Amino acid sequence: MPKIEVYSSPFCGFCHRAKRLLTQKGAQFTEIDVIAHPERRNEMVQRAKGGRTVPQIFIDGQHVGGCDDLFALDRRGGLDPLLKAG
Ligand SMILES: N[C@@H](CCC(=O)N[C@@H](CS)C(=O)NCC(=O)O)C(=O)O
């Protein structure tokens, strides 16, 4: 299984959509709540090359982007191979 990290906040529809897609695909992920852990927000912005919105999603250290990026990756057939790798 690949290592999936999702930086998120609790009241964020985009975060819920992204997590639901991953869950539907049977993927397990680590969630980093940047509201509960504000000190992790800078880390997120740095790793996301300036991306400040949540979610920010990483698969095996590779920056996928936000919710829209995750869905776009899935639509072009790029997500399933990443989830099978690792
Ligand atoms: N297009 C982005 C939108 C993400 C987004 O707007 N997230 C909101 C929370 S639901 C956010 O981080 N807002 C804070 C901000 O814009 O600084 C995605 O698909 O992930």
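Note: the structure precedes this text.
All values derive from a computational prediction rather than experimental measurement. (Residues numbered from 1 in each chain as written. Predicted model: local features only at pLDDT ≥ 70, side-chain atom pairs only at ≥ 80, totals over all residues. Heavy atoms only, no water.)

Asker: Explain the overall build of the chain to me, using residue names and the numbers behind them.
Answerer: Broken down by element type, the chain carries four helices and four strands. Counted from the first residue to the last, the chain has its helices and strands arranged as β-α-β-α-β-β-α-α. Taken over the C-alpha trace, the chain has a radius of gyration of 12 Å; the compact-globule value for 86 residues is 12 Å, and the two agree within 12%. C-alpha atoms of the chain, sized along the principal axes, occupy 30 × 20 × 20 Å. Within the chain, counting contacts between residues at least 6 apart in sequence, those at least 24 apart form 60% of the total. Summed over all atoms, the accessible surface of the chain reaches about 5,100 Å², with 51% contributed by carbon and sulfur. Put simply, the chain has 13 plus and 10 minus side-chain charges, and the middle of one group is 3 Å from the middle of the other. (Helix = DSSP H or I, 4+ residues; strand = E, 2+ residues; numbered from the N terminus. Rg over C-alpha atoms; globule rule 2.2 N^0.38 Å. Contact = heavy atoms within 4.5 Å. Areas by Shrake-Rupley, 256 points an atom, 1.4 Å probe, with all protein chains shown as cover. Lys, Arg positive; Asp, Glu negative; His and termini not counted. Charge placed at Lys NZ, Arg CZ, Asp CG, Glu CD.)

Asker: So what's going on with the sheet that holds strand S1 (residues 4–8)? Which residues, and what values?
Answerer: Ordered by their spatial adjacency, four strands build an open sheet running S2-S1-S3-S4, and the pairing between neighbours is mixed. Every other strand in the sheet has two partners, leaving strand S2 (30–33) and strand S4 (62–65) as the edge strands with one partner each. Across the sheet, the mean angle from the axis of one strand to that of its neighbour is 25°, orientation sign disregarded. Relative to strand S3 (residues 56–59), S1 runs antiparallel, the two sharing four bridges. Each bridged residue has a counterpart across the sheet, and for Val 6 the counterpart in S3 is Ile 57. (Pairing = 2+ DSSP bridges. Axes fitted to C-alpha atoms, helices over the stretch in contact; angles between N-to-C directions.)

Asker: Can you explain the site of the ligand? Please cite residues and give values.
Answerer: For the ligand, the full set of nearby residues is Cys 12, Phe 14, Thr 53, Val 54, Pro 55, Gly 66, Cys 67 and Asp 68. Measuring from a nitrogen atom of the ligand, one finds a backbone N or O atom of Val 54 at 2.8 Å. Contact between the ligand and Cys 67: an oxygen atom at 2.8 Å from a main-chain N or O atom of the residue. Out of a free accessible area of 510 Å², the ligand has 58% covered by protein chains. Residues of the shell around the ligand, tallied by class, amount to five nonpolar, two polar and one charged. (Near = heavy atom within 4 Å. Polar contact = N/O pair within 3.5 Å; in protein donor to acceptor, adjacent residues only side chain to side chain. Nonpolar A, V, L, I, M, F, W, Y, C, P; charged D, E, K, R; others polar.)

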